[in-house]
Amino acid sequence: KLYFNLEKATTSEHIAMNKYSIDYLNKIVSVILIFLMLVVAPLLMSYMTSEMVTERVALNEVSQFIDRVTDKQMITKSDIDDLYIALGASGGIYDVDVKRYIVVSVPTTEAGVTSVKNVYVAADDISNISEDNPITLNLSDVVQVRVKEVSLSQAKRLLYAVLRVDEGKLDFTLAGSVR
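Residues numbered from 1 in each chain as written. Predicted model: local features only at pLDDT ≥ 70, side-chain atom pairs only at ≥ 80, totals over all residues. Heavy atoms only, no water.

Asks: Looking at this model, I keep getting lost on the sheet that holds strand 5 (residues 142-149). Mind explaining?
Replies: By way of backbone hydrogen bonds, the strands of a sheet pair with one another, either parallel or antiparallel. Within the open sheet, the 4 strands sit side by side as 3-2-5-6. Their pairing is antiparallel. The open sheet has two edge strands with one neighbour each: strand 3 (113-124) and strand 6 (171-177). When strand polarity is set aside, the average angle formed by the axes of neighbouring strands in this sheet is 25°. Of the pairings in the sheet, the one linking strand 2 (residues 94-110) to strand 3 comprises 11 bridges and is antiparallel in character. Counterpart to Thr108 in the pairing with strand 3 is Ser115. The sheet strands contacting helix 2 (residues 77-89) are strand 2 and strand 5, and the helix crosses strand 2 at an angle near 130°. (Pairing = 2+ DSSP bridges. Helix = DSSP H or I, 4+ residues; strand = E, 2+ residues; numbered from the N terminus. Axes fitted to C-alpha atoms, helices over the stretch in contact; angles between N-to-C directions. Contact = heavy atoms within 4.5 Å.)

Asks: Would you take a moment to explain the pattern of salt bridges for this structure?
Replies: Pairs may arise between side chains of opposite charge once their charged atoms sit close together. Here the structure, examined in full by the defined rule, presents 10 salt bridges. A salt bridge links Glu55 to Lys156, with the nearest nitrogen and oxygen atoms 3.2 Å apart. Taken together, the residues Glu55 in helix 1 (residues 11-72) and Lys156 in helix 3 (residues 154-163) connect sequence positions 101 residues apart. The class of Lys156 is buried, set by a relative accessible area of 6%. Notably, a salt bridge pairs Lys72 with Asp79, separated by 2.8 Å at the nearest N-O pair. Through salt bridges with shared partners, a single ionic network connects Glu51, Glu55, Glu149 and Lys156. (Salt bridge = Lys/Arg side-chain N within 4 Å of Asp/Glu carboxyl O. Buried < 20%, exposed > 50% of the residue type's maximum accessible area, 1.4 Å probe, protein only.)

Below you can see the structure in the form of structure tokens.
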């Protein structure tokens, strides 16, 4: 019975109705849990695995770029283009900022004692680099690359929608000194 009159209902009819509604509710909860465990969880794990691989590839490409330019002591247009292409091929959408810092010696006087401090200062605008005019690096110059993710990936959106976990956008900075 789906409908019954409460004034005329007996105790056994109340028990039967409660048992029926609890069984119905248990079936609904079971179907929802089965869907989550069999569909959403594997999908989320697959997306997050590919997301981690993408982030690792981006990190490796930036590391290789820094090693390459610090070893040859020069940044060319093709080096910058190779970095942009490699990061684009990794699967993410990134904003890349490459900076060169040079060492400037600054004399300081403290308590009558003169000493020299080395300070790093941003030197060149990498966006104006060309094949005809590469940037030559000096010993102890620092090349810094900052990579910021422009938009959230599908994996991070799904993770937030399902579990309300916000990992945020990928944002890292690597630097290397010219040897």
